Amino acid sequence: MLEQIHLLIRLQILDKTLFDLGQEKETIPGRLAALSQAEAACKAELDRNQDELDELLRRRRDLEEITDNIRARLRRTENRLMGAKTQREYQAANAEIDDNKDALKDNDDQLLEVMERQEKLEATVAALKERFAQASAEANEQRAVLDKRYLDLEAETGRLQAKRGEIVGQVEAPLLKEYDFIRQARDGVALSPVSQGICTVCHMGIPPQQYNELQRMDKIMTCPSCRRLIYWADAEEFAGQP
Ligand SMILES: [Zn+2]
């Protein structure tokens, strides 16, 4: 029985590590997705501002074209004014000039507003481009780290599983079955050392009668509180064991 307990102790160390490696491995796809999400959010903000800037530049070109048209009209009307033959022609041309000047002023105001917004947007877009480039570089770096970690975890898992295979072959079948059943139900921990009468995993006391039985070390017992397999860890045989 002692030999079986020793095997279970070695098995439990391996299984706890395997469980932890598995837990870490499971987090990696989510962490990779979060990286891509953050990157995509940054890109979406950049695109939105770039689209706004493009739209603004179109609006600016339109306004500049309108300016050119009004100026051309103004020149024609000024020519008409100079060549006016009658008072009426003169007044009509003058009124048209005033209208055109008002239109030009209104257009210039709009143009100025557009140019101010353009300046701000260009600064925003430049900052976002820089931020995106940085976020992208960081994400790529972290992706490489996570990809590498995933492969390392797989390799380490494979190595430990091979080692596990060697041990389980020596554990009595019913005991192994019970151990595996508990391990799967209890986050990878099926075996608990009992020290000073306390189950070191669930921290509950073992009743005196059972504790006495446990110290005989002639059978595998279970913790009455957490139902894990227990052994008497204070025995000389386990000195130096974790
Ligand atoms: Zn317990």
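**Observations concerning the nonpolar core**
Piece 1. Leu8, Leu11, Val171 and Tyr179 are the most contacted members of the largest nonpolar core, which totals 38 residues.
Piece 2. Within the residue set of this core, elements represented by two or more residues are helix H1 (2-82), helix H2 (87-168), helix H3 (173-185), strand E1 (191-195), helix H4 (208-216) and strand E4 (229-232).
Piece 3. In terms of residues, this core owes the most to one element, H1, which gives 10 residues.
Piece 4. Counting the residues that make up this core, at least three belong to each of domain 1 (21-168) and domain 2 (173-238).
Piece 5. Contacts of Val171, omitting those with residues within four sequence positions, involve Gln4, Leu7, Leu8, Leu11 and Leu176.
Piece 6. Membership of the second largest hydrophobic core comes to 11 residues, among which are Val114, Leu121, Val125 and Phe132.

**Topic: the coordination of the zinc ion**
Piece 1. Donor atoms from the polypeptide that coordinate the zinc ion comprise Cys199 (SG), Cys202 (SG), Cys223 (SG) and Cys226 (SG), at 2.2 to 2.3 Å from the metal.
Piece 2. Ordering the donors of the zinc ion by residue number gives the pattern C-x2-C-x20-C-x2-C. Linking Cys202 in the loop between strand E2 (198-199) and H4 with Cys226 in the loop between strand E3 (221-222) and E4, this pair joins segments that are 24 residues apart in sequence.
Piece 3. By relative accessible area, which is 22% here, Cys202 ends up partly exposed.

**Section: the packing of H1 against H3**
Piece 1. Their axes nearest at 12 Å, the elements H1 and H3 cross at an angle of 30 degrees. Relative to H3, H1 is oriented roughly parallel. As for the relative orientation of H1 and H3, their crossing is right-handed in sense. On H3, the residues that touch Gln4, Leu8, Leu11, Gln12 and Asp15 of H1 are Leu175, Leu176, Tyr179 and Arg183.

**Digging into the pairing of E4**
Piece 1. Burial of the side chains of E4 extends over both faces: Leu229 and Tyr231 are buried on one face and Ile230 and Trp232 on the other.
Piece 2. Sheet analysis places E3 next to E4, joined by two bridges and oriented antiparallel. Counted as the bridge partner of Met221 is Ile230 from E4.
Piece 3. Connecting E3 to the next strand, E4, in antiparallel fashion are six residues, including Arg227 with a positive phi near 65 degrees.

Criteria and thresholds
Residues numbered from 1 in each chain as written. Predicted model: local features only at pLDDT ≥ 70, side-chain atom pairs only at ≥ 80, totals over all residues. Heavy atoms only, no water. Core = buried A, V, L, I, M, F, W, Y, C linked by side-chain atoms within 4.5 Å. Buried < 20%, exposed > 50% of the residue type's maximum accessible area, 1.4 Å probe, protein only. Helix = DSSP H or I, 4+ residues; strand = E, 2+ residues; numbered from the N terminus. Domains from an automatic or database assignment. Contact = heavy atoms within 4.5 Å. Donors = N, O, S within 2.8 Å, 3.2 Å for Na, K, Ca; no water. Axes fitted to C-alpha atoms, helices over the stretch in contact; angles between N-to-C directions. Parallel < 35°, antiparallel > 145°, perpendicular 65-115°, else oblique. Left-handed = near helix turned anticlockwise from the far one by under 90°. Pairing = 2+ DSSP bridges.

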